[in-house]
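If you want the building blocks of each chain, they are given just below.
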Amino acid sequence: MAAAENADRRRSVLIVDDSSLVRLYYHGALEKAGFAVEQAINGIEATEKVFAHNFDLLIVDINMPGMDGLSFVRDMRRRKEDIATLPILMITTEAGETDIVDARDAGVNYYLIKPVSEADLIRHVTALAGTPP
Amino acid sequence: MNQLQEQFISETKELILQATDDLMAVERFGFDAERIDRIFRAFHTLKGSAGVVDLPAMALVLHAAEDLLAAVKAKMRPVTTALVSEALQCLDQVSAWVDAFEARGALPPQAGERARDAALRLRALLSDNKKSSGTPDKSRPDWVAALIEQVPATDISAGPLLAVDYEPLPGCFFNGDDPLALIAAIPELLALSVEPRDPWPPLPDMDPFACNLRIRAIAAATREQFAGIFRLVPDQVEVFELAPTTAPAAAGPDVNGSGALLDNIIVCQIAMLDAAKAADDSYGRYGSAARAAANALRHFARDDLASEVEAALEAAFARQSASLVRDALRNVASGLAAPLEANDRETASPAASNRSLRIDEARIDSLFNLSGELIVAKNSLAHLSRLIEPVVGEGDLGRNIRAANETLDSLITEMHAAILQLRMVPLSQLFRSFPRVVRDLCLRLDKRAELTIQGGAAECDKKVVERLFEPLLHLVRNALDHGIEAPDERRESGKPELAHIALEAARAGDRLVLEVRDDGRGINPAAVRAKALERGLMPVAEIAALSDEDATQLIFSAGLSTAGAVTDISGRGVGMDVVRNTVEQLGGKIAVTSRLGVGTSVRLDLPINVAMSQIMVVAAGGQLFGLPMDLVSETVRLTPDRVSRIKNNRGFVLRNRIVPICSLAEVLDLTCQPADSQAPGLVIVVEVGGKIVALEVDAIHDRLDAVLKPMQGLLANAPAYSGTTMSADGRVLLVLDVRELFS
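The text that follows walks through the structure, step by step, so that each part is easy to find. Please read all numbers here as calculations on a predicted model, not as lab measurements.

Some remarks on the nonpolar core
Inference 1: The biggest cluster of nonpolar side chains holds 96 residues, and the ones touching the most others in it are A:Val13, A:Ile59, B:Ile265, B:Ala293, B:Val309 and B:Val325.
Inference 2: The greatest single-element share of this core, amounting to nine residues, is contributed by helix α10 (residues 282–299) of chain B.
Inference 3: Lining this core are residues from two domains, each supplying at least three of them: domain 2 (143–202 + 209–241) and domain 3 (259–350) of chain B.
Inference 4: If sequence neighbours within four positions are ignored, B:Ala293 has contacts with B:Ile265, B:Ile266, B:Gln269, B:Val309, B:Leu329 and B:Val332.
Inference 5: Formed by 40 residues, the second largest nonpolar core is a distinct cluster that contains B:Ala19, B:Ala50, B:Ala87 and B:Leu126.

This is the structure:
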């Protein structure tokens, strides 16, 4: 049902990462691939943006000052309908077994370990955010 | 060499051949989406497997070529001769590297440098075009992502951001370049990586004066600043912009994408649902899982399954039950497995149509040797059955033994033929590289010629096919270089500008006839005669007596055709004697026919398999020897009065030619009683390397079909013998290598 509502517009993605370079890099790549892109530097700013926009996918880092990625995801999953059900892709340098388990417990839909190449980023984001009909 | 590497080598060779064929077809017949796609995929696979066996240099070149072909595929770049030449050269390089890798397990030391140059050339073709089509942006390579991770998470001004890839030339220090100083000059350097361009060689091989570095950096600098810093080494630097670009290209459904990602996504959603601990996030959890799964399913064009998941989500919302979504996802996961398999089968089917089994050549050879020995064993049984007949008389026993022997005989013969068949390969394998040869030579010589190939389906023993490549290459090259005239010369003499070279094969019984024919200027017999005279090849009178046809055959003699000797004669050039030698070693014959101004044809007449030989058994010095029948032109019984003595040598006149006589026993250094000069001598006239010699023997016994076993162990180096076989009565027979004997 969410997919049907969004059918008439570009897919839109929020990048939540404290590194401006990473945001810039993802932003450029995703925009080139046809996505509408917003950025946030931590969970707090991301929460604001999530309420203001209609996203199809959130890309979230773990380690961020202010509000970290896992707390943000746990919080998201307990929000109202459209927001709680947003697919979340976690991209982080934390590659340990426990990190992945923690992310899964928090409600992350997919997990990628940095560095992620442009091609891989696009491949995963287009799959998870869906294809505009 | 491990199995993976072996697989890599055979697969790569096949892909190179296929891509070569396709490239030339595209050049000739123009853009063909299917062919272009096949070429692209071949390069893509080659690049991938080069990465798998860890040959970065090879992957680098192929990557550049792949990008170029992607542009062709997207019709952003026309198919030109220059482009095809570059792509073919790239394949040549890769092919040479694969050979090196096969031989030594590594690429040659200068591979990295070569790869760079080749990649630059390929990229140059690509960027030229990009300028013209107005899309200056290059897609950012994968290393950029890795480098970005090095940058501390400080906020940087949203100015221009560039990534630079700088690979100093190995000889850069001698050009006065200082890579370190250049990098130090970059303003706002954010991240830097310095790594060896090629793996460091072992210490003794290392050249401390060669630069083997790849330097990559990210900086908040402008393109102009970069251009200024690297102005002296622009060819060694690639710059990528990191700032967001605004060229949206819709991401279409990834129908061809591998199903692995889809599988992973579904499995992750199930795992995430299983990880649920609290109830208050259950709604967001299964909701997001269903959305992510449905998105992915639609993306991979599995709308049916996506609808299934979405329906389950509606029901789950209504009943507040996460398990409905989980069950639906489990269903999808198991449903994905089956249809995907079907897809795999579909993609595998083209390969299956040409079903073959790769077997190590050594195994076939050992099977072949065994079957050869079986024939020898069978021969002795035949001998025994003849011996036993008078003993047991005309009774049932004799008849049964004979019948059993005949059955065995026919079965073993059949089996041997079947094993020989295993070694047969179609000549198309041999012919495959010739269109390429003709194309390249035409470009180089500024000539226009078309090559037609016929009879590629004819089969021949692998050994023969392998040895034939060089001679055919000589013949085709010569035809183009010396036979075919330049286009304007052809026009003037009223011929079509496009010359014709034919490469034809046909099977005639157990012989294979190969013909290389051109419609060039032909061979001038007078010029050949003059050259033969100049070289003192034959006495004047003999040369004058030669018919035009016979004179033309002189092009095969060693004295006439060595390096460059004939290039000024209309007709053939270098190495025709080598061609003839190879053909003769294979037990074949070669002949040329030519008409001045009309064209030339060279015919090779070869045995289809080299393994089974007809042997003549002769006696000399009290021993028996085998003599290959294909060399024997005739046997002559000489009365003493026909033998004339010239100093210490003997000879006789055979059809107006003086033929020297050699005693086989003497040639082999066998102790024997001095030849009784009064007794009529028995000589075998053999033709070797254009010379005729009469071998004197004591007696000639029967002929036999034999499989030669190569000389082994201590005897392997005995040059006079080509192998052994067994005579019918079970004795070992040494078979003479007559060519070696008189070389």
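There's more to say after this.
Overview of the pairing of strand β8 (residues 499–508) of chain B
Residue and element names in this part refer to chain B.
Inference 1: As defined by bridge partners, strand β6 (residues 449–454) adjoins β8 across six bridges and the pair is classed as parallel. Along β8, the bridge assignment pairs Thr-452 with Ala-502.
Inference 2: In the sheet, β8 pairs with strand β9 (residues 511–518) via eight bridges, with the strands oriented antiparallel. Within β9, the residue paired with Ala-502 across the bridge is Arg-517.
Inference 3: The hairpin turn running from β8 into β9, its antiparallel successor, is two residues long, and Gly-509 in that turn takes a positive phi close to 60°.

Focus on the sheet that holds strand β4 (residues 237–241) of chain B
All names here are of chain B.
Inference 1: Taken together, four strands build an open sheet; the order of strands is β2-β3-β1-β4 and the sheet is antiparallel. Of all the strands in the sheet, the pair left with one neighbour each is β2 (189–196) and β4. Pairwise comparison of adjacent strand axes, ignoring direction, gives a mean angle of 15° for this sheet.
Inference 2: Pairing of β2 with strand β3 (residues 213–219), which is carried by seven bridges, proceeds in the antiparallel orientation. Bridging from a neighbouring strand, Glu-195 pairs with Arg-214 of β3.

A short note on the packing of helix α2 (residues 20–32) of chain A against helix α7 (residues 118–129) of chain A
Residues and elements named next belong to chain A.
Inference 1: It is the contact of α2 with α7, at a shortest axis distance of 10 Å, that shows an interaxial angle of 60°. Here α2 is positioned oblique relative to α7, judged by the angle of their axes. Along this stretch, α2 crosses α7, giving a crossing that reads as right-handed. Of the residues in α7, those in contact with Tyr-26, Ala-29 and Leu-30 of α2 are Glu-118, Leu-121, Ile-122 and Val-125.
Inference 2: Grouping the amino acids of the contact of α2 with α7 by side-chain chemistry returns six nonpolar, no polar and one charged.

Cut-offs used in this document
Residues numbered from 1 in each chain as written. Chains lettered and ligands numbered in written order. Predicted model: local features only at pLDDT ≥ 70, side-chain atom pairs only at ≥ 80, totals over all residues. Core = buried A, V, L, I, M, F, W, Y, C linked by C-beta atoms within 7 Å. Buried ≥ 20, exposed ≤ 12 C-beta atoms within 10 Å, placed from the backbone. Helix = DSSP H or I, 4+ residues; strand = E, 2+ residues; numbered from the N terminus. Domains from an automatic or database assignment. Contact = placed C-beta atoms within 7 Å. Pairing = 2+ DSSP bridges. Axes fitted to C-alpha atoms, helices over the stretch in contact; angles between N-to-C directions. Parallel < 35°, antiparallel > 145°, perpendicular 65-115°, else oblique. Left-handed = near helix turned anticlockwise from the far one by under 90°. Nonpolar A, V, L, I, M, F, W, Y, C, P; charged D, E, K, R; others polar.

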